[in-house]
Amino acid sequence: MTDTDRLNQKIKDSGIKKIWISEKCGMSYNSFLNKLNNKTDFTAPEISTLKDVLGLSPQEVNDIFFSQMVD
């Protein structure tokens, strides 16, 4: 499960429009919003693109996309 609040904050801090990010990830804006709202999961290539576009550190990637999967 994606930490939506944290990812949205990173997007906001970057100043990059969500529609542009969705295009860079190769998906429609609606698909991107579904993933942001945890209706569907981000794929590994999409996470990699988000890492590059948003300048996320490996720790941030782990915290945003993976930390809630393991108790």
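Placed above this text is the structure.
All values reported here derive from a predicted model rather than from experimental measurement.

Calculation notes
- Residues numbered from 1 in each chain as written.
- Predicted model: local features only at pLDDT ≥ 70, side-chain atom pairs only at ≥ 80, totals over all residues.
- Heavy atoms only, no water.
- Phe/Tyr/Trp six-rings, centres within 6.5 Å; stacked < 30°, edge-to-face > 60°.
- Helix = DSSP H or I, 4+ residues; strand = E, 2+ residues; numbered from the N terminus.
- Buried < 20%, exposed > 50% of the residue type's maximum accessible area, 1.4 Å probe, protein only.
- Core = buried A, V, L, I, M, F, W, Y, C linked by side-chain atoms within 4.5 Å.
- Contact = heavy atoms within 4.5 Å.
- Arc of directions from axis to C-beta.

## Digging into the packing of aromatic side chains
1) Next: Summed over all chains, the structure comprises two aromatic pairs.
2) Next: When the ring of Phe32 is compared with that of Phe42, the centres are 6.0 Å apart and the planes differ by 70°; the resulting orientation is edge-to-face. Taken together, the positions of Phe32 in helix 3 (residues 29-36) and Phe42 in the loop between helix 3 and helix 4 (44-54) put the pair 10 residues apart, joining distant regions of the chain. Across the pair, exposure class does not vary: Phe32 and Phe42 are buried alike.
3) Next: Relative to Phe65, the ring of Phe42 has its centre 5.6 Å away and its plane inclined at 80°; by these criteria the two rings are edge-to-face. Highlighted residues: Phe42 in the loop between helix 3 and helix 4 and Phe65 in helix 5 (residues 58-65), separated in sequence by 23 residues. A single burial state applies to Phe42 and to Phe65, both of which are buried.

## Side note on the nonpolar core
1) Next: Counting residues in hydrophobic clusters, the biggest one holds 15 residues, and the most contacted among them are Leu7, Phe32, Phe42, Leu50 and Phe65.
2) Next: Within the residue set of this core, elements represented by two or more residues are helix 1 (4-14), helix 3, helix 4 and helix 5.
3) Next: Dropping the residues within four chain positions of it, Leu7 is found in contact with Thr2, Leu36, Phe42, Leu54, Ile64 and Phe65.

## What to know about helix 4
1) Next: Those residues of helix 4 that fall on the buried side of the exposure criterion are Glu46, Ile47, Leu50 and Leu54. The buried residues of helix 4 occupy one face: seen down the axis, they fall within an arc of 100°. Those residues of helix 4 that are exposed and aimed more than 90 degrees away from the buried face are Ala44, Pro45 and Asp52.
2) Next: Tucked inside the fold, the buried residues of helix 4 contact helix 1, helix 2 (18-24), helix 3 and helix 5.
3) Next: Of the residues trailing helix 4, Gly55 is marked for its positive phi of about 65°.

## A few points about helix 1
1) Next: Residues of helix 1 that are buried: Thr4, Leu7 and Ile11. One face of helix 1 carries all of its buried residues, which in axial projection span an arc of 70°. In helix 1, those exposed residues whose orientation departs by more than 90 degrees from the buried face are Asp5, Lys12 and Asp13.
2) Next: Looking at the residues trailing helix 1, positive phi occurs at Gly15, about 80°.

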